[in-house]
Amino acid sequence: MRYEIRVDGQMSDELTTAFPEFDSFVVPNQTVLYGQVDDEAHLYGLLIRFQSLGLRVAEFRRLPE
């Protein structure tokens, strides 16, 4: 399953390396990460990782295959 995750603000290079499974780019006021999410456990792990790094997820959506 491919997902797009929008995080408020511009993530530093150090923060984006905490998500090696995703590619990223910056748009005004947000960082967009996109890539493969393996399963539900991976999805919940991502949410915990975002929270532990103090990142605010603005949008989390599944992309069409």
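(A) Examining the sheet that holds strand E2 (residues 22-27) more closely. Taken together, 4 strands build an open sheet; the order of strands is E2-E3-E1-E4 and the sheet is antiparallel. The sheet is open, and its two borders are formed by E2 and strand E4 (57-63), each paired with just one other strand. For this sheet the average axis-to-axis angle between neighbouring strands, irrespective of direction, equals 20°. Examined bridge by bridge, strand E1 (residues 2-8) and strand E3 (residues 30-36) share 7 bridges and lie antiparallel to one another. Its bridge partner being in E3, tyrosine 3 is matched across the sheet by glycine 35. In the packing of helix H2 (residues 40-52) onto the sheet, the strands contacted are E1, E2, E3 and E4, and the crossing angle to E4 comes to about 160°.

(B) Main features of H2. Its 13 residues give H2 an end-to-end C-alpha distance of 18 Å, which sits within 8% of 18 Å, the value for a rise of 1.5 Å per residue. Within the sequence span of H2, burial applies to His42, Leu43, Leu46 and Phe50. Along the long axis of H2, the arc covered by the buried residues comes to 100°, so they all point the same way. Exposed residues on H2 whose side chains face more than 90 degrees from its buried face are Glu40, Ala41, Ile48, Gln51 and Ser52. Against the buried residues of H2 lie E1, E2, E3 and E4. Its side-chain oxygen placed 3.2 Å from the backbone nitrogen of alanine 41, aspartate 39 serves as the N-cap of H2.

About the thresholds
Residues numbered from 1 in each chain as written. Predicted model: local features only at pLDDT ≥ 70, side-chain atom pairs only at ≥ 80, totals over all residues. Heavy atoms only, no water. Pairing = 2+ DSSP bridges. Helix = DSSP H or I, 4+ residues; strand = E, 2+ residues; numbered from the N terminus. Axes fitted to C-alpha atoms, helices over the stretch in contact; angles between N-to-C directions. Contact = heavy atoms within 4.5 Å. Expected span 1.5 Å × (residues − 1). Buried < 20%, exposed > 50% of the residue type's maximum accessible area, 1.4 Å probe, protein only. Arc of directions from axis to C-beta. Polar contact = N/O pair within 3.5 Å; in protein donor to acceptor, adjacent residues only side chain to side chain.

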